[in-house]
Amino acid sequence: MSNPKKNQSVGKRLVSNALMLYILTFSNYILFLITIPYQTRILGPELFGHIGFAMAFAAYFQLVVEFGFMILATELVSRHRDDKGQLSLILSTVTWCKVGLAILATVVLYLLCMFVDPFRQDPLLYVLFFVSSVLAAFVPDFIYRGLENMRAITLRTVVIRLFFTLMIFVVLKTEADYYWIPTLGIIGNIGALIVVGWDLASKDIRFQKTSLRQAAGMLKQSSQFFYSRIATNIYSATNTFVLGILYGPASALVGFYASADRLVVAAKQGIIPVIDSVYPYMVRHKDFRLIKKLLIIGLPILAAGCLVVAIFAESICALIFGEEFREAGQYLRLLTPVIFFAFPGMLFGFPVLSPLGLSKYANMSNVFGAILQVLQLVALLSIGRLSILTICIATVITELATLSFRLVVVWRYRHLIGAENTK
């Protein structure tokens, strides 16, 4: 027999964590809406495209350093939430793994900036974005997500983001000041690391000795999630990267796509807090009725929002980025279905499949999507049809295919969900 008081407490914690994650995410989203229009008007399409290319480049290194630890470590923390010794061991092992991966990434960065165009043209920009991304990868958000306690980190992080985002208006005055964009990111991430380190120490979660065997084991367990995350980003960071190679990093066309993609990413960021708060809850409670409720509530709202964006895409881009970016609206319109498919796709990923012991299929679906996207890009290139428009269409197809893969898996193992709901 269920305990009403316990269920009420669990529900309050779930809502609280979702709220904190939304504050954390939407603080970044709102600050994005404030600063990006200013940046695009100062930098123009060409230089903004160059910035977008550098960010896409740095995103790969961040993925390598994170190595899927966010998913695995969140689950481990959720399981050992009351054992400070185990939490300290998880934190230490993950951090040392990241240090090793960061060293390898630094070597690769050096070789690229020394010997490969276009990285040789502006190496400082790539180095600064690299440092910012690697520092961001070291912030141990998985501890707070696994503990389902985002309040402590949220308020401090929002204050840090607010201060350093506002600094953009102080330091970015001309095109020559564009190095400040990644530099402020570096400063902000250093501040976040200091805040998190202090907070974890106050919770008696500290660094401790860990062995190479433990680190190797963590890397092995995280590898499937790493492949999944790399695969997921094939059709986000890779698109901008490919276009940068195709048209040149400083092309206005790259700037148009990067700006449209920023809006899509921002919209998907609005979905992630729900997924991140539901995931550890589902691991422990396997409440599949909650997934149904979220779909019933979320899909109509999302459909209406996507319809509005599709209708007014050019005006939205012109309003946010400046009149020079009106052309980006046609790419935003094509990418809008990605937002709609992303919500059920994320829900039917780890929040549904992990509690059923089927997380491998969530990873497989991402790899499947990545392979499909690459095959589409290769096919388009081989027939001379690779362009921003066709890449947008291919991205939508990939997102839908990934969702379909997960739905098929859920349908195949639906008896497991029925068994959990009858408990």
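Residues numbered from 1 in each chain as written. Predicted model: local features only at pLDDT ≥ 70, side-chain atom pairs only at ≥ 80, totals over all residues. Heavy atoms only, no water.

With reference to specific residues and values, describe a nonpolar patch on the surface.
Where nonpolar side chains cluster on the molecular surface, the patch consists of Ile103, Val107, Tyr110, Leu111, Met114, Phe115 and Val116 and spans about 680 Å² of accessible area. Along the chain, tyrosine 110 falls in helix H3 (residues 84-115). (Patch = residues over 30% accessible without salt bridge, like charges linked within 9 Å, V, L, I, M, F, W, Y side chains within 5 Å. Areas by Shrake-Rupley, 256 points an atom, 1.4 Å probe, with all protein chains shown as cover. Salt bridge = Lys/Arg side-chain N within 4 Å of Asp/Glu carboxyl O. Helix = DSSP H or I, 4+ residues; strand = E, 2+ residues; numbered from the N terminus.)

Hey, could you go over the nonpolar core for me, with residue numbers and the actual values?
Note that soluble globular proteins tend to have their nonpolar side chains buried in a common cluster. Ranked by internal contacts, the top residues of the largest apolar core, which has 85 residues, are Phe142 and Ile143. The biggest single contributor to this core is helix H10 (residues 252-285), with 14 residues. Setting aside anything within four residues of it in sequence, one finds phenylalanine 142 in contact with Met70, Ala73, Thr74, Val77, Ile90, Leu91, Val94 and Lys98. With 30 residues, the next largest nonpolar core counts Leu43, Phe61, Ala137 and Ile168 among its residues. (Core = buried A, V, L, I, M, F, W, Y, C linked by side-chain atoms within 4.5 Å. Buried < 20%, exposed > 50% of the residue type's maximum accessible area, 1.4 Å probe, protein only. Contact = heavy atoms within 4.5 Å.)

Account for unusual backbone geometry, naming residues and giving values.
We note that phenylalanine 67 has phi near 50°; this positive angle belongs to a residue other than glycine. Here lysine 286, not a glycine, exhibits a phi torsion of approximately 50°, which is positive. Tracing the backbone shows lysine 286 in the loop between H10 and helix H11 (288-311). Looking at lysine 286, the relative accessible area reads 25%, which means it is partly exposed.

An account of the environment of methionine 218 is needed here, citing residue identities and associated values.
Summarising the element assignment, methionine 218 is placed in helix H8 (residues 212-232). Take methionine 218: its relative accessible area is 7%, and that puts it in the buried class. Setting aside residues up to four positions removed in sequence, methionine 218 forms contacts with Phe69, Leu72, Leu76, Thr93, Val94 and Cys97.

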